[in-house]
Amino acid sequence: MHNFTEAFKFIGRNGQIPGGPHVPTLVHLTLGTLKIAGIGVAVALVIALPVGLWLGHIHRGSFVAINLGNIWRALPSLAVLAIGVAFLGLGLGNVELALVVLAVPPVITNAYVAIDEVDRDVVDAARGMGMSGWEILRKVEVPLGIPLIFAGIRTAALFVVSTTTIAALTGYAGSLGDIINNESSYHLAGVLGAAICIAALALLVELVLALVQQALTPRGLKLAKAEDQSMALTPLAATDAV
């Protein structure tokens, strides 16, 4: 309990050490962590989202979208960092490579499954109305697949935010990893305080993406989900009444 108390005091001091030299503040390092994570997630979305959506639309390439994605996910981030040094050297580029490798699999897999599982009758009806393949994907399949697509994005974002601390291992300064990988200067209270900040940051990102998902989900899907929940609760209510 004492360690947690000291950790929260460290957070309250904004990462400064009493009697020690001035160091980058927790706010500064947290913003740096968000920048690193944001770049990694953005690059992963640019790479994986179009591929997953298109493969799901044409109902092909499940091996690429699922199995290859799982193989990719199995690559340890530290191993990717070590391999990346040979091509990119130390620094931010190497870190982003490891984060992209981590984020691509859940995005591409969920995007594929979300589009592939859209009701074929709905798609056939849209085609019968004269919609092109691109219009069906954009106006029908993607809106109906939003919940599952965002589930993959949220998973990728959590993975990336939680892993940004490896940036310090490449010599790149400016993230909360600077504290976690420097216990000799920040002591256990600082390391624990930075870890708490990382956990809070991951929860905040999850909350924000959940709100975005809620805002983008079509109203019809929300009503259908509410109706399903209501029907699931009805038998329980009837049993209680008996």
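Residues numbered from 1 in each chain as written. Predicted model: local features only at pLDDT ≥ 70, side-chain atom pairs only at ≥ 80, totals over all residues. Heavy atoms only, no water.

> So, the overall build of the chain: which residues are in play, and what are the values?
Counting its regular elements, the chain contains 10 helices and zero strands. A burial count over the chain gives 38% of its 242 residues as buried. Here the contacts in the chain between residues at least 6 apart in sequence split such that 74% fall between residues at least 24 apart. Carbon and sulfur atoms form 69% of the exposed surface of the chain, whose accessible area is close to 13,000 Å². (Helix = DSSP H or I, 4+ residues; strand = E, 2+ residues; numbered from the N terminus. Buried < 20%, exposed > 50% of the residue type's maximum accessible area, 1.4 Å probe, protein only. Contact = heavy atoms within 4.5 Å. Areas by Shrake-Rupley, 256 points an atom, 1.4 Å probe, with all protein chains shown as cover.)

> Please set out the pattern of salt bridges residue by residue, giving values where relevant.
According to the stated counting rule, one finds four salt bridges in the structure shown. With its nearest N and O atoms 3.7 Å apart, the salt bridge here joins R120 to E141. With R120 in helix α6 (residues 120-128) and E141 in helix α7 (residues 133-163), this pair connects stretches of sequence that are 21 residues apart. The closest approach of N and O atoms between R154 and E206, which form a salt bridge, is 2.4 Å. You can see R154 sitting in helix α7 and its partner E206 sitting in helix α9 (residues 183-216), a full 52 residues away along the chain. (Salt bridge = Lys/Arg side-chain N within 4 Å of Asp/Glu carboxyl O.)

> Explain α9 residue by residue, including any values.
With 34 residues, α9 ought to run about 50 Å at 1.5 Å a step, yet its terminal C-alpha atoms sit only 43 Å apart, falling short of that. At A189, α9 shows its maximal kink, close to 70 degrees. In the core, the buried residues of α9 are packed alongside α1 (2-12), α2 (26-58), α7 and α8 (177-180). (Expected span 1.5 Å × (residues − 1). Bend = angle between axes of the 7 residues up to and from the residue.)

> Could you give an account of the nonpolar core, with specific residues and numbers?
One recurring pattern in soluble globular proteins: nonpolar side chains tend to sit buried together. Within the largest apolar cluster, 31 residues are counted, with the highest numbers of intra-cluster contacts made by I36, L53, V104, I149, V160, V161 and L209. Put simply, the parts of the chain that give this core at least two residues each are α2, α5 (92-116), α7 and α9. For this core, the element with the most residues is α5, which contributes 10 residues. Core analysis: the second largest hydrophobic core is formed by 10 residues, L26, L176, C197 and I198 among them. (Core = buried A, V, L, I, M, F, W, Y, C linked by side-chain atoms within 4.5 Å.)

> Quick rundown of the environment of P24? Include the residues and the values.
Its location among the elements puts P24 in the loop between α1 and α2. Residue classification places P24 among the partly exposed residues on the basis of a relative accessible area of 43%. When the C-alpha positions of P24 and A173 are compared, they lie 10.0 Å apart, and in sequence the two are 149 residues distant. Leaving out residues up to four positions away in the same chain, P24 has contacts with Q16 and L29.

> How would you sum up a nonpolar patch on the surface? Please name residues and give values.
Residues L204, L207, V208, L211, V212 and L216 make up a contiguous nonpolar surface patch of about 530 Å² in total accessible area. Here L211 shows up in helix α9. (Patch = residues over 30% accessible without salt bridge, like charges linked within 9 Å, V, L, I, M, F, W, Y side chains within 5 Å.)

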